[in-house]
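For reference, the chains in residue letters:
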Amino acid sequence: MLIAREKRKSNVAEYILYMWQVEDMLRAMQMDIELVNRNVVSQFGGDDAARKEISDWYDNLIEMMKKEEVVKSGHVQVVKNMVNELTELHYHLLHNVQDMKYKQLFMMAANNLLDYRRKTNLPEEVSDVELALHALYGHLMLRLQKKEINSQTTMAMETFSRMLAYLALRYKEVEENEEMI
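Each value, and the rule that gives it
Residues numbered from 1 in each chain as written. Predicted model: local features only at pLDDT ≥ 70, side-chain atom pairs only at ≥ 80, totals over all residues. Heavy atoms only, no water. Helix = DSSP H or I, 4+ residues; strand = E, 2+ residues; numbered from the N terminus. Lys, Arg positive; Asp, Glu negative; His and termini not counted. Charge placed at Lys NZ, Arg CZ, Asp CG, Glu CD. Core = buried A, V, L, I, M, F, W, Y, C linked by side-chain atoms within 4.5 Å. Buried < 20%, exposed > 50% of the residue type's maximum accessible area, 1.4 Å probe, protein only. Domains from an automatic or database assignment. Contact = heavy atoms within 4.5 Å. Axes fitted to C-alpha atoms, helices over the stretch in contact; angles between N-to-C directions. Parallel < 35°, antiparallel > 145°, perpendicular 65-115°, else oblique. Left-handed = near helix turned anticlockwise from the far one by under 90°. 1 Å grid on protein atoms, 1.4 Å probe; cavity = no way out; pocket = protein on both sides within 12 Å on 5 of 7 lines; lining within 4 Å. Points joined across faces, edges and corners; volume = space filled by probe spheres on them. Nonpolar A, V, L, I, M, F, W, Y, C, P; charged D, E, K, R; others polar. Expected span 1.5 Å × (residues − 1). Arc of directions from axis to C-beta.

### Quick look at the overall build of the protein
Piece 1. When its secondary structure is counted, the protein shows eight helices and zero strands.
Piece 2. Along the protein, helices (α) and strands (β) appear in the sequence α-α-α-α-α-α-α-α when read from the amino end.
Piece 3. Reported as C-alpha extents along the three principal axes, the dimensions of the protein are approximately 50 × 40 × 30 Å.
Piece 4. Looking at the protein, you have 23 positive and 29 negative side-chain charges, and the mean spots of the two groups are 5 Å apart.

In structure tokens, the structure reads:
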């Protein structure tokens, strides 16, 4: 919860990836709040009130996942909405604002996105933004498993990362100004 709150404020793309990881962790723990408390919440420092707040956050997320029927797979609506907002901003920067820096970052990632799209079984309608997020999430999982990652993949992930970092920065600017750029 503390990490999620900080990531939400600083970088929406990192927040989305973090929330996907939390959802998968909760699935691995069979949506059992007692397991979460024993294995996750107990690791946090602070007083009992802080741990209770963290436990409540996980418990609420578990309930949300059950209610939205994403216990086996998928993502909670609030996270999907953020992906959609990033996608809208992506299109806005490319087509309405003609943000040249973003356009350049996107063009650097475009061929890698095409290659990744061909290698996955994601539906055609998955946006380039969501595709880049999926790629980075998969890369994160491979790194956590200490799997070997070739240099071509690493370079592709860097293009996705730069594109999403800039997009997240612009998202933060939009949020702070409470208007579309």
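Still more ground to cover, so stick around.
### Thoughts on the nonpolar core
Piece 1. Ile-16, Leu-26, Val-36, Tyr-58, Tyr-102, Leu-133 and Leu-164 are the most contacted members of the largest nonpolar core, which totals 52 residues.
Piece 2. By residue number, the principal contributor to this core is helix α2 (residues 12–28), which donates 10 residues.
Piece 3. Taken domain by domain, the makeup of this core includes at least three residues from each of domain 1 (2–68) and domain 2 (77–179).
Piece 4. Dropping the residues within four chain positions of it, Tyr-102 is found in contact with His-90, Leu-93, Leu-94, Val-129, Met-163, Tyr-166 and Leu-167.

### A few points about the packing of helix α6 (residues 100–119) against helix α7 (residues 128–144)
Piece 1. At a closest axis distance of 10 Å, the pairing of α6 and α7 adopts a crossing angle of 65°. Relative to α7, the element α6 is oriented roughly perpendicular. Along this stretch, α6 crosses α7, giving a crossing that reads as left-handed. Counted together, Tyr-102, Phe-106, Leu-113, Tyr-116 and Arg-117 of α6 and Asp-128, Val-129, Leu-131, Ala-132, His-134 and Ala-135 of α7 form the full contact between these two elements.

### Some points on the layout of surface pockets
The gaps of empty space that remain are located by a probe, the size of a water molecule, rolled over the atoms.
Piece 1. Estimated volume of the largest pocket: approximately 340 Å³.
Piece 2. Surrounding the largest pocket, 18 residues form its lining, Glu-14, Leu-17, Leu-136, Arg-143 and Ser-161 being those nearest its centre.
Piece 3. Contributing elements (two or more residues each) for the lining of the largest pocket: α2, α7 and α8 (151–177).
Piece 4. Element by element, the count of residues in the lining of the largest pocket is highest for α8, at six residues.
Piece 5. Considered class by class, the residues forming the lining of the largest pocket number nine nonpolar, five polar and four charged.
Piece 6. If you count residues domain by domain, the lining of the largest pocket takes at least three from each of domain 1 (2–68) and domain 2 (77–179).
Piece 7. Here the second largest pocket defines a volume of roughly 260 Å³.
Piece 8. Per element, the largest residue contribution to the lining of the second largest pocket is six residues, and it comes from α8.
Piece 9. The class makeup of the residues in the lining of the second largest pocket is five nonpolar, four polar and two charged.

### Digging into helix α4 (residues 48–67)
Piece 1. With 20 residues, α4 ought to run about 28 Å at 1.5 Å a step, and its terminal C-alpha atoms sit 28 Å apart, in line with that.
Piece 2. Those residues of α4 that sit buried are Ile-54, Ser-55, Tyr-58, Leu-61, Ile-62 and Met-65. Considered in projection along α4, the buried side chains sweep an arc of 120° and stay on one side of the axis. Exposed residues lying more than 90 degrees from the buried face of α4 are Asp-48, Ala-49, Lys-52, Asn-60 and Lys-67.
Piece 3. Residue Glu-69 follows α4 closely and has a positive phi angle near 55°.

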